[in-house]
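Chain residues, written in single-letter form:
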Amino acid sequence: MRGAVLYGPRDVRFEEREVPKIIKPTDAIIRISATCVCGSDLWPYRGINPIPQPTPMGHEYCGIVEEVGSAVTSIKPGQFVIGSFFASDNNCPNCQIGYQSSCQHKEFVGDAQAPVVRIPLANGTLVATPDVPSADMIPSLLTLSDVMGTGWFAATDIVPERGDEAVARVKDLTAGIGADSVLECVGTHESMAQAIRSTRPGGSVGYVGVPHGVELNGEKLFYAHVHLHGGPAPVRRYLPELIDLVWNGKINPGKVFDLTLPLDQVAEGYRAMDERRAIKTLLRP
Ligand SMILES: [Zn+2]
Ligand SMILES: [Zn+2]
């Protein structure tokens, strides 16, 4: 099969890779219905994260179960499933309190921009939809693999201004006090500083952007009186609820995709997002 491999800055190739096989009895093999390029894929793509060797790409996926290991009981071949970018057992202490992305046995799923992917810890990781979905529902279901679940972990008002202007705008919206809760979704030093300054004393900052160069000033943080809570979203926790909302037509997060390409044009998918011609690219094998 062929899949996406990152060789260096702005060098994504679609090339021959080994077809994944069951390695452990807890694995499942999924035939991908749709995958996509994530904002966080742009960090290594732009060379901001080093790429020591050619690296398969893709951590957002949904598709049909092709084969399961002998210990997998929660899903079966033929079902349509969605999982998080962190495979999790869903039963260790961290999973049980709802932080599956900190599972004691977590494994990153990082090679999903391909026609077939191996998912470890399939019992805990994958959630099946009630039936095989119609084609038009697949983009929305795919967002539950990361972006929608991550948004769910964070919150809801968007201020387009940046820096001081944004802080002033939030203060305006909140009678000069600051917001009860602010989401930080980018991961830069500026966006984190802006988020903290926009929050009222006693309020909370939820941060879900992967931090790059974020440094916190201890004294400013001390006097800001804000709660900081973040990390990779425990997407797995929200999957059953969000699948239900998509399945019943209550939300349509698939609208986030403004470019759809065949998987073999994955390099153009990255380029379009890098150049901001597209917000998010959906890829079909
Ligand atoms: Zn992602
Ligand atoms: Zn766990």
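Each residue is numbered by its place in its chain's sequence as written, counting from 1. Key to labels: chains lettered from A, ligands numbered from 1, both in the order written. Per-residue local features of the predicted model are confined to residues with pLDDT of at least 70, and side-chain atom pairs are confined, for both listing and counting, to 80 or more; whole-chain, interface and lining totals are unaffected and use all residues. The side-chain values count all of the structure's non-hydrogen atoms but skip hydrogen atoms and water molecules.

Undergrad: Explain the sheet that holds strand β12 (residues 199–207) residue by residue, including any values.
TA: When DSSP locates at least two bridges between a pair of strands, those strands are taken to pair. Strands are runs of DSSP state E lasting at least two residues, helices are runs of H or I lasting at least four, and both sets are numbered from the N terminus onward. Taken together, three strands build an open sheet; the order of strands is β11-β12-β13 and the sheet is parallel. Looking at the sheet topology across the chains shown, the edges are occupied by β11 (179–184) and β13 (227–230). Each adjacent strand pair in this sheet contributes to an overall mean axis angle of 20°, direction not counted. Two elements, β11 and β12, share five bridges in a ladder whose sense is parallel. Residue pairing in the sheet places S181 in a bridge with S204 of β12. Two residues qualify as a contact provided that any one of their heavy atoms is within 4.5 Å of a heavy atom in the partner residue. To get an axis, a line is fitted to the C-alpha atoms, and for a helix only the part in contact is used. The angle between two axes follows their N-to-C directions and goes from 0 to 180 degrees. Its contacts with the sheet place helix α7 (residues 189–197) against β11, β12 and β13, and it is angled at close to 145° to β12.

Undergrad: Kindly report on the coordination of the zinc ion (ligand 1), identifying the contributing residues and their values.
TA: Coordination partners: N, O, S within 2.8 Å of the metal, 3.2 Å for Na, K and Ca; water not considered, so apparent gaps in a site are possible. Here the zinc ion (ligand 1) is held by the protein donor atoms C38 (SG), H59 (NE2), E60 (OE) and D146 (OD), which lie 1.8 to 2.2 Å from it. Every geometry call rests on angle ranges, with four donors termed tetrahedral when all angles are between 85 and 135 degrees, four termed square planar and six termed octahedral when opposite donors are over 155 degrees apart and all others are between 65 and 115, and everything else termed irregular. What the four donor atoms of the zinc ion (ligand 1) show is an angle range of 91 to 130° at the metal, which sorts the shape as tetrahedral. Its relative accessible area of 7% is what places H59 among the buried residues. Only protein chains enter the area calculation, which uses a 1.4 Å probe; residues under 20% of their type maximum are buried, those over 50% are exposed, and those in between are partly exposed.

Undergrad: Report on the sheet that holds strand β2 (residues 11–16), specifying residues and quantitative values.
TA: Across the sheet, three strands lie side by side as β2-β1-β4; this open sheet has antiparallel pairing. The outermost strands of the open sheet, each flanked by one partner alone, are β2 and β4 (55–56). Note that strand β1 (residues 2–8) and β2 share six bridges and pair antiparallel. Each bridged residue has a counterpart across the sheet, and for L6 the counterpart in β2 is V12.

Undergrad: Please set out the coordination of the zinc ion (ligand 2) residue by residue, giving values where relevant.
TA: Within the protein, D89 (OD), C92 (SG), C95 (SG) and C103 (SG) serve as the donor atoms for the zinc ion (ligand 2), at 2.0 to 2.3 Å. Taken together, the four donor atoms coordinating the zinc ion (ligand 2) and their angles of 96 to 123° define a geometry best described as tetrahedral. Of note, the zinc ion (ligand 2) draws all its donor residues from one chain, in the sequence arrangement D-x2-C-x2-C-x7-C. Of the two residues examined, C95 and C103, each falls in the buried class.

Undergrad: Could you give an account of the packing of aromatic side chains, with specific residues and numbers?
TA: For Phe, Tyr and Trp, rings pair up if their centres lie within 6.5 Å, where Trp contributes its six-membered ring, and each pair is then called stacked (planes under 30 degrees apart), edge-to-face (over 60) or tilted (otherwise). One pass over the structure, following the stated rule, counts four aromatic pairs. With 5.6 Å between their ring centres and 50° between their planes, F85 and F86 make a pair best called tilted. Pair check on accessibility: F85 and F86 agree, each one buried. Between the aromatic rings of F86 and F108, the centroid separation amounts to 5.6 Å while the plane-to-plane angle is 70°, which identifies the pairing as edge-to-face. On the criterion of sequence distance, the pair formed by F86 in strand β7 (residues 86–87) and F108 in strand β8 (residues 107–108) is long-range, its members being 22 residues apart. In this structure F86 comes out as buried when scored by relative accessible area, which is 15%. Think of it as a cone above the ring: NZ of Lys or CZ of Arg counts as a charge over the ring if it is within 6 Å of the ring centre and within 35 degrees of the ring normal. When the ring centre of Y7 is taken as reference, the NZ or CZ atom of R13 above it lies at 3.7 Å.

Undergrad: Give me the lowdown on the side chain of E60, citing residues and values where you can.
TA: Here E60 shows up in the loop between β4 and β5 (61–68). Contacts described as polar in this section are N or O atom pairs within 3.5 Å, which, within protein, must combine one atom able to donate a hydrogen with one able to accept it, while residues neighboring in sequence count only if both atoms come from side chains. Within polar-contact distance, the side chain of E60 engages the side chain of H59 at 3.3 Å.

Undergrad: Can you explain the layout of surface pockets? Please cite residues and give values.
TA: The gaps left among the atoms become clear once a water-sized probe is rolled over them. Its boundaries defined by the atoms lining it, the second largest pocket holds a volume of some 260 Å³. Cavity means a closed set of points on a 1 Å grid over the protein atoms alone, one where a 1.4 Å probe fits but cannot get out, pocket means an open set with protein on both sides within 12 Å along at least 5 of 7 lines, and lining means a residue has an atom within 4 Å of a point. In terms of lining, the second largest pocket is formed by H189, M192, A193, I196, R197, V214, E215, L216, N217, K220, L221 and A224. When residues of the lining of the second largest pocket are traced back to their parent elements, those giving at least two are α7 and α8 (218–224). If you tally residues by element for the lining of the second largest pocket, the top one is α7, at five residues. Nonpolar residues are Ala, Val, Leu, Ile, Met, Phe, Trp, Tyr, Cys and Pro. Charged residues are Asp, Glu, Lys and Arg, and all others, Gly as well, are polar. Class assignment for the residues of the lining of the second largest pocket results in seven nonpolar, two polar and three charged. Grid points are joined across faces, edges and corners, and a volume is the space filled by probe spheres set on the points.

Undergrad: Requested: an account of the pattern of salt bridges, with residues and values cited.
TA: Throughout this description, the term salt bridge denotes a Lys or Arg side-chain nitrogen within 4 Å of a carboxyl oxygen of Asp or Glu. Within this structure, the stated rule accounts for eleven salt bridges. Here D164 makes a salt bridge to R197, at a shortest N to O gap of 3.1 Å. One end of the pair, D164, is in helix α6 (residues 163–173); the other, R197, is in helix α7, and 33 residues separate them in sequence. What makes R197 partly exposed here is its relative accessible area of 43%. The partner of R271 in a salt bridge is E268, with the nearest N and O atoms 3.3 Å apart. Here R271 pairs with E268, and both are found in helix α10 (residues 266–274), just three residues apart, close to one helical turn. For E268, a relative accessible area of 23% puts it in the partly exposed group. What emerges from the salt-bridge pattern is a single network uniting E268, R271, E275 and R277.

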